[in-house]
Every structure is written in C-alpha cells, then in structure tokens.
Amino acid sequence: MSGATLTLTGSGSAVLVEPLTNDGTITVNNTSLGLDRNSSVLLTNESDGVINLVGAAPLIFDVQSGTATFTNLGKLNSSSTSTATISTPITNASSGKVSVQSGELLLSSSIHPNFGIVTIGDGSAASSLVVSGQYLQSAGVTTVAL
C-alpha cells in the first residue's frame, strides 16, 4: 500500500492471503486483521508506514497459528479503550516505534524481539504492555512513562 489509507471498522475481520507492505496508514478500529496463507503471510510496516490500533478490541492475528510474521519498521500506535491484541510474532526493527498511548497492548504469541523504541504511556492515560511469551530486548529502548 504505497501512501494509501486502509481503515477497518466494525465487527468481523479482514483476512490477508498475500504479503502486505505498508508505507501508508492502516487503522484497525474495533475489528480484526487476520494473516492467513498456507506457508506464511508477511505484514511489513515500512519506515514511513503507520498502523493504528483503536477502539474496544482491535486485533491482528495469525489464522494458521505460528506461520505469519509481522515486522514493524515504522510506527505502531495502540490507543485502545480496553485491550488491543497482536497474536502473531512481531519484530520491532531498529527504525520501529511502538507507542501504547492508552489501554492495554497484549502481545500473545511466542517471541517478540525489540530492536527499536517501545513507549508505554504518555503520562495522561492508563496504559500497559502485556506479553505472553518472550519479549527480547536485544537493542533499542523500552520506556514506561509515568
């Protein structure tokens, strides 16, 4: 998606069956984005890409359980009113920025390497990062704002 905007809103889910490279804006608002392919679907958020997780329960999930991958080179913003969930392994690359601005961001798969910047909270709203599995801080920075 070169410079485009994709907004997913409402109940149900959209499912990707081919790799998606985003250098525009994707907003997942109270719905889900599934990654499904026989071997793997690559979701790559490029350095100028933005992914926003908003609403009550935004979800990025792996339909095949363990075959999809998600690489963040750009910005991933979570400002959910409750819990936003990413249930596929996500790698936050050295140029990647993850910001949990409100609500909870749940990373619920096996391994989540961080080489970039992860910021939890901005001091104005309750926010948290919950990891089920391994959060690997190999480089980069994880900051909790009070």
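Quick note: structure is the one above.
What comes next concerns the included structure.

Criteria and cut-off values
- Residues numbered from 1 in each chain as written.
- Predicted model: local features only at pLDDT ≥ 70, side-chain atom pairs only at ≥ 80, totals over all residues.
- Heavy atoms only, no water.
- Core = buried A, V, L, I, M, F, W, Y, C linked by side-chain atoms within 4.5 Å.
- Buried < 20%, exposed > 50% of the residue type's maximum accessible area, 1.4 Å probe, protein only.
- Helix = DSSP H or I, 4+ residues; strand = E, 2+ residues; numbered from the N terminus.
- Contact = heavy atoms within 4.5 Å.
- 1 Å grid on protein atoms, 1.4 Å probe; cavity = no way out; pocket = protein on both sides within 12 Å on 5 of 7 lines; lining within 4 Å.
- Points joined across faces, edges and corners; volume = space filled by probe spheres on them.
- Pairing = 2+ DSSP bridges.
- Patch = residues over 30% accessible without salt bridge, like charges linked within 9 Å, V, L, I, M, F, W, Y side chains within 5 Å.
- Areas by Shrake-Rupley, 256 points an atom, 1.4 Å probe, with all protein chains shown as cover.
- Salt bridge = Lys/Arg side-chain N within 4 Å of Asp/Glu carboxyl O.

The subject of this paragraph is the nonpolar core. Most often, soluble globular proteins have nonpolar side chains that are buried together. Residues Leu-43, Ile-51, Leu-53, Ile-60, Ile-86 and Leu-105 are the most contacted members of the largest nonpolar core, which totals 23 residues. Within the residue set of this core, elements represented by two or more residues are β4 (25–29), β5 (32–35), β7 (50–55), β10 (75–87), β12 (97–107) and β14 (117–120). At four residues, β12 tops the list of elements feeding residues into this core. Among residues more than four places away in sequence, those in contact with Leu-43 are Leu-20, Leu-33, Leu-35, Ile-51, Ile-60, Thr-69, Phe-70 and Thr-71.

Another point: empty space enclosed by the protein. Evaluation of the coordinates by the stated rule reveals one cavity of 30 Å³ or more. Reported here for the largest cavity is a volume of approximately 90 Å³. Lining of the largest cavity is provided by Leu-76, Ile-90, Asn-92, Val-98, Leu-105, Leu-107, His-112, Pro-113, Val-118, Leu-129 and Tyr-135. Elements with a minimum of two residues in the lining of the largest cavity: β11 (90–92), β12 and β13 (111–114). A total of three residues in the lining of the largest cavity trace back to one element, the largest contributor, which is β12.

With that settled, consider the pairing of strand β9 (residues 69–72). Burial along β9 is one-sided: Phe-70 and Asn-72 are buried, while Thr-69 and Thr-71, pointing the other way, are not. Pairing of strand β6 (residues 42–45) with β9 involves four bridges; the strand directions are parallel. Bridging from a neighbouring strand, Leu-43 pairs with Phe-70 of β9. One ladder, built from three bridges, connects β9 with β11; its direction is parallel. Bridging across to β11, Asn-72 finds its partner in Asn-92.

For the rest of this paragraph, the subject is a nonpolar patch on the surface. A surface patch of nonpolar side chains, about 220 Å² in accessible area, is lined by Val-15, Val-17 and Val-63. Tracing the backbone through its elements, the reader meets Val-63 in the loop between β8 (59–62) and β9.

Moving on, we get to the pairing of β6. As paired strands, strand β3 (residues 20–22) and β6 are joined by three bridges and run parallel to one another. Pairing of Asn-22 across the sheet is with Asn-45, part of β6.

Take the environment of Thr-44 next. Note that Thr-44 resides in strand β6. In this structure Thr-44 comes out as buried when scored by relative accessible area, which is 16%. As a C-alpha pair, Thr-44 and Gly-74 span 30 residues in sequence and 9.0 Å in three-dimensional space. Setting aside anything within four residues of it in sequence, one finds Thr-44 in contact with Leu-20, Thr-21, Asn-22, Thr-71 and Leu-73.

One non-glycine residue, Asn-30, lies in the positive phi region at around 55°. The exposure class of Asn-30 is partly exposed, given its relative accessible area of 37%.

Keep in mind these values describe shape, not function.
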